Structures are given as C-alpha cells and as structure tokens.
Amino acid sequence: MRIATWNINGINARLPAVLTWLDETKPDIVGLQEIKCLDENFPRAEFESRGYNVETHGQKSFNGVALLSKIPFDEVHRGLPSNDEDPQSRLIEGVFSTEDGGVVRVCNIYLPNGNPVDTEKFPYKLGWMDRLYDFVEQRLAYEEPFILMGDFNLIPTGFDCHDPSVWWGDALFRPESLEKWRRIVNLGLTDALRATTSEQAFTFWDFQAGAWRRNAGIRIDHLMLSPQAADRLTGVTIHKDTRGWDKPSDHVPVEGDFTLAGRPAKAA
DNA sequence: ATGTCAATAAAGTATTGA
C-alpha cells in the first residue's frame, strides 16, 4: 500500500501538478496540506473520477488539509481533540479497513510554522505540539498500524538541512521546537525516512533566493510510524522531481510503502 | 532582509503568510 504526504501550497494553483503526480504514482492514500480553500471549493470531482474518496478540513485562504483514499473511510476525524476552539484547520485523520481484516489509521497534519518567534505564532506552535503529544500518546495506546504524516515544520537535526547556521533561531529549528518534537517521537514513533536510509534528503526548497537551484533544502515533511506500522514499512520515496515541474509547490511528496493489504477501489 | 509564490480585497497593487 502506497501512502503519501504532500504540502501542495494551494489546490487551485497546484491542481494540474497534483493530478499529473497522482496519475503517475497511483498512491492508495494521500494527505494534502495547505489546500487553502473552503471544503465546498475543493475540486473533489477531479479526484473522485480517479477513484478516490475525498475528505477535507478546509479553511479560507490559509492552511487546510485533505485526505484522498482509494479505500473507503470507516471513520474521519477533524482537528485535535480538546482543541475545538482552534480556528486553524490543521489535522484530518482517517481509519481504513484492510483486505486481511486489519486496520490502518492515517493522520494528516499541517503543524504550525511558528515564525516569527517573537510573535504569538511561536507559542501557538508549541501549544499545538503539546496537544499533539497527548493525541499521539492516546493513538499509540491502540497498538494498531498508525501513520502520523504531513508538514511538521520541524527540521529534526542539523543533518536534515543544507546549512544549520542559516536556520539557527528559526521556529523550525529552535531548541524549544525540537525538544517538543523529540518528546513526541520518544513516545514510540519511527521516522520512516530515517528507518530506510542514512543519506541526506530534503523535502522543501524555498521559492526564494534560488534555493532549488542551489539545493538549499530542508527535511520537514515526515511519515512517523507506530511500531505496528513500522513493522510493515518496505520503503520510502521522496518525489524530488516534482520540484522541477512547471508551477511547482515548494514541498515535494513523500511516499511510504507498506505491506498492508489494500482494498480495490471498485468491486472486481 | 530576501534572487518567490499564493490568496485576498479590489481593480493595479498592497498585504499577509510562508
């Protein structure tokens, strides 16, 4: 089963690229971040015609997340629990039945950026991470294949960026951010990319300052796995080529492959 | 601070967020 995450930076601007990539890659489940539209404005028919079930948690202009799945949704959850007052749409989770009678739970997040750090945006990020910690702790207690994926806006280590000195002090690399990141990871999540390679890899190249041309990237898009999901991981692919396409997102898709028994989109 | 881009309000261009 192919499960992928991609911050598309606006579905209106990115629809052709997303459809091209979907047709090439044929993932089973996809989490999109920064759809930047209301639920009613998401072009769901374009995905439904390709065999995807579509669930969104949208927001006008900013943020917004979506899940596409060839497997029907058994459950959908929107927003962090006990965070109902959060006006920002940053989490959507789906639960799916697999052909072998099992289950896979996929949570798609757009973790707050947190910059500039001297504004309310930084404490908002840290508070969101505190609530994410409680959520992950609860989800791991289910002891089922669980994939927490998305744009985490977190650079795990200095090796995950081209030049750590450039990112020093940034909300994506601040000690306070990384301490909370490690606290969540240490609950028992496996970083899928790091489980499969020790090579340096990036998932984001800024639009500014020729970052793509200089390969001045960072790794902030992650698939984080429960033990039961990590057991089934067979590979990770970063779809770097999409960054060189026309009208690219500043992020590229990250795909995880799992020995989970998918269910066909249509009856045989 | 940015060799940039997307969305919005509003009618060409500034603002916001990243």
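Residues numbered from 1 in each chain as written. Chains lettered and ligands numbered in written order. Predicted model: local features only at pLDDT ≥ 70, side-chain atom pairs only at ≥ 80, totals over all residues. Heavy atoms only, no water.

An unreviewed UniProt entry lists chain A under the name Exodeoxyribonuclease III, with Pelagibacterium halotolerans given as the organism. What the UniProt record of chain A gives under Sequence similarities (unreviewed entry) is the line "Belongs to the DNA repair enzymes AP/ExoA family." (UniProt positions renumbered as here; feature names shortened; annotations may be inferred.)

What should I look at first to understand the nonpolar core in this one?
Generally speaking, soluble globular proteins have nonpolar side chains that are buried together. The biggest cluster of nonpolar side chains holds 30 residues, and the ones touching the most others in it are Ile109, Leu132 and Leu148. Of all elements in the fold, only strand S7 (103–110), helix H3 (121–140), strand S8 (146–151) and helix H5 (175–185) reach the threshold of two or more residues within this core. Among the elements that take part in this core, H3 stands out by supplying seven residues, more than any other. Residues Tyr110, Ala192, Leu223 and Phe258 belong to the second largest nonpolar core, which totals 25 residues. (Core = buried A, V, L, I, M, F, W, Y, C linked by side-chain atoms within 4.5 Å. Buried < 20%, exposed > 50% of the residue type's maximum accessible area, 1.4 Å probe, protein only. Helix = DSSP H or I, 4+ residues; strand = E, 2+ residues; numbered from the N terminus.)

Just checking my understanding: could you explain the packing of H3 against H5 for this structure?
Between two packed helices, the angle of one axis relative to the other and the distance separating the axes together describe the packing. Relative orientation of the contacting elements H3 and H5 amounts to 5°, with a least axis distance of 10 Å. On the basis of the axis angle, H3 is roughly parallel to H5. Every residue of H5 that contacts H3 at Phe122, Lys125, Leu126, Met129, Asp130, Leu132, Tyr133 and Val136 is listed here: Glu176, Ser177, Lys180, Trp181, Arg183 and Ile184. (Axes fitted to C-alpha atoms, helices over the stretch in contact; angles between N-to-C directions. Parallel < 35°, antiparallel > 145°, perpendicular 65-115°, else oblique. Contact = heavy atoms within 4.5 Å.)

What is the right way to look at the UniProt feature "site: Interaction with DNA substrate" (unreviewed entry) in chain A in this model?
UniProt's feature table lists "site: Interaction with DNA substrate" (unreviewed entry) at His251, given in the numbering used throughout. Following the sequence through the fold, His251 ends up in the loop between strand S13 (233–238) and strand S14 (254–258). A relative accessible area of 3% places His251 in the buried class.

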